[in-house]
Number of protein chains: 2
Amino acid sequence: MLIASRIDGNAKLRLSLDDRGLAYGDGVFRTVLITDRQAVDSEGQVDHLTDDAQRLNLGVPSRARLLAELDWAGRLVENGCCKLLLTRAATHRGYAPGPASAIARLICLVYAGHGVPRGEPCRLRSCSLQLTQQAALAGIKHLNRLEQVLARAEWSDPAIDEGLLMDVDGMVVGGTMSNVFWVENERLTTPDLSLCGVAGRMRARVMQAAVELGMPCIQARVAAAHCRANASEFFLTNSLWGLRAVSHWEDIRFAPGPVALRIAEYLRLGSTC
Amino acid sequence: MLIASRIDGNAKLRLSLDDRGLAYGDGVFRTVLITDRQAVDSEGQVDHLTDDAQRLNLGVPSRARLLAELDWAGRLVENGCCKLLLTRAATHRGYAPGPASAIARLICLVYAGHGVPRGEPCRLRSCSLQLTQQAALAGIKHLNRLEQVLARAEWSDPAIDEGLLMDVDGMVVGGTMSNVFWVENERLTTPDLSLCGVAGRMRARVMQAAVELGMPCIQARVAAAHCRANASEFFLTNSLWGLRAVSHWEDIRFAPGPVALRIAEYLRLGSTC
């Protein structure tokens, strides 16, 4: 439930109708977990939001401003989440983006609760929609998310927790709202996102944890068929779920795996696997 | 200049921050010319908006409702334009689209003036960004327009009027904000948009006019190099410009062509070529 929102630091429930986020999806966002009245991993989330915004040549508000927003959001709710968006400053109608010196609009939405099912097995299906490859946008958590909407519309069975997306070459990219990891011959692997997909903040945290645990993660373009045949454990990540083990990928079953457990414990992510 | 706006028929300048148009670009739009206090080609524009919305499984307001909105917009300004958007009804956070029975939000923005340069030669450049091919979204004028924003950001020279986009196979698709036509061996040709691109309403009008004039237009996937070598005339269309002849495509020059002139006269599109 949306409980509060503001724009550029001012309490607001509504947005100018000529915002470029609405007109073109011309902006970026991050979703941040709030636990115990604190935004989790604020610094890292702000890093990623800033990197994404810079790739689109948006004028980024100061780091202090972004952190203050997450701090404000955290104090509003015991447990929930916060969505932080930056949309490009609009100067006129039309696609031309205007000067990068114009600071993007900062929108903050705070939700009570986040509907995260902890400790439950996660069931995964393969989506038939194939993601396109646009290197100029790959990895960025931008506001053009119709492919994810179409993919998520492929199923309504509440027993299915997530849909797995492949790209036009049949390579595994990620879930509709999560990144994926698997273990193959004891090597932790995650899709290379240089052609498509969203590089979530939790993905980066898991990769960093793997390095610190002495089992560096490989980024690779791997066909779904290969992955299905060779993965010994499979898990999903996003900032709300943390790390979530997959128990079923359609007809394939995975037992809870030691690698996922070790990383989740290291990152103190609770009981999601 | 934005002079008026409304949402679902009520005067409003601002939008709910949890609108799915903002969150995901989950919606469609059309831009409609207003001349002499009347929205031009209302019926056709409403047809296209409705078709697009149905392809995304949006709940579409009644035809009478959509036409009334354009009628309202037209009466507000002597000459200008109107942007009509439909964004998917939001039921909860997350990509799952909810029931198609929920009627989409209808947003109407009315602008005075449209900055359309009539009768001037149009200079075209080739963009380096290549459009991805997503058949599920191809042709739809949806709100995921970051590729167009990136392409438009490639130039700032005001002498360049439009950028031409090719797809990942190097095939001609269209301008950043227009459709393209050319004449090759006396055959009128326009890109096939079944893999990417936006099927503008003016494109459909020009194709229909061509049929009525006994010179049916071919839709084809044609490489830019072939087009550059073989086109004898080249023109752009959108609902604000009408039909606009290209005089320069980088180093290639085109003389005003008889086909463009004949179609523009037939459609009474003024002196844009």
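Before reading further, recall that the structure is shown in the block above.
As a starting point, this report considers the structure included with it. Numbering of residues starts from 1 in every chain and runs along the sequence as written. Working convention: letters from A go to chains and numbers from 1 go to ligands, in the order in which they are written. At least 70 in pLDDT is required for a residue's local features to be given in this predicted model, at least 80 for side-chain atom pairs to be given and counted, and no such filter applies to totals for whole chains, interfaces and linings, which use all residues. Hydrogen atoms and water are omitted, and side-chain values are computed over all heavy atoms in the structure.

1. Here we look at the packing of helix α2 (residues 42-55) of chain B against helix α3 (residues 63-74) of chain B
Residues and elements named next belong to chain B.
- Angles here are taken between N-to-C directions and fall from 0 to 180 degrees, while the axes themselves are lines fitted to C-alpha atoms, restricted in helices to the stretch in contact. Going along the chain from the N terminus, every DSSP run of H or I of four or more residues is numbered as a helix, and every run of E of two or more is numbered as a strand. At a minimum axis separation of 10 Å, α2 and α3 run at an interaxial angle of 130°. Considering their axes alone, α2 and α3 lie oblique with respect to each other. For the pair α2 and α3, the crossing hand works out as right-handed. Every residue of α3 that contacts α2 at Ser42, Glu43, Val46, Asp47, Leu49 and Thr50 is listed here: Arg63, Leu66, Leu67 and Leu70. These descriptions rest on fixed angle ranges, namely under 35 degrees for roughly parallel, over 145 for roughly antiparallel, 65 to 115 for roughly perpendicular, and the rest for oblique. Crossings are sorted by hand: turned counterclockwise from the far helix by less than a right angle, the near helix makes the crossing left-handed, and turned clockwise it makes it right-handed. The contact criterion used is simple: two residues touch if any of their non-hydrogen atoms lie within 4.5 Å.

2. Quick word on the relation of the copies chain B and chain A
- You can overlay chain B on chain A at an RMSD of 0.0 Å; the transform is a turn of 180° with a shift of 0.0 Å along its axis. In short, the pair behaves as if placed about a two-fold rotation axis.
- In this assembly the copies share their binding face: 100% of the residues contributing to the interface of chain B also contribute to that of chain A. Superposing copies: least-squares fit, C-alpha atoms only, residues required to have pLDDT of at least 70 in both.

3. Considerations on a nonpolar patch on the surface
All names here are of chain A.
- Distance thresholds for patches are 9 Å for like charges and 5 Å for nonpolar side chains (Val, Leu, Ile, Met, Phe, Trp, Tyr), applied to residues having over 30% relative accessible area and no salt bridge. The protein chains shown are the only cover counted for residues, whose accessible areas, like all others here, come from Shrake-Rupley with a 1.4 Å probe. A pair is scored as a salt bridge if a Lys or Arg side-chain nitrogen falls within 4 Å of a carboxyl oxygen belonging to Asp or Glu. A surface patch of nonpolar side chains, about 290 Å² in accessible area, is lined by Met1, Ile3 and Leu76.
- The topology assignment puts Met1 in the segment before β1 (2-7).
- In this structure Met1 comes out as exposed when scored by relative accessible area, which is 69%. Note on classification: 1.4 Å probe, protein chains only; a residue is buried when its accessible area is under 20% of the maximum for its type, exposed when over 50%, partly exposed between these limits.

4. Some details on the environment of Asn57 of chain A
Residue and element names in this part refer to chain A.
- Tracing the sequence through the fold places Asn57 in the loop between α2 (42-55) and α3 (63-74).
- With a relative accessible area of 49%, Asn57 lands in the partly exposed category.
- Sequence separation of Asn57 and Arg93 is 36 residues, and the distance between their C-alpha atoms is 18 Å.
- Excluding residues that lie within four positions of it along the chain, Asn57 makes contacts with Arg88 and Ala100.

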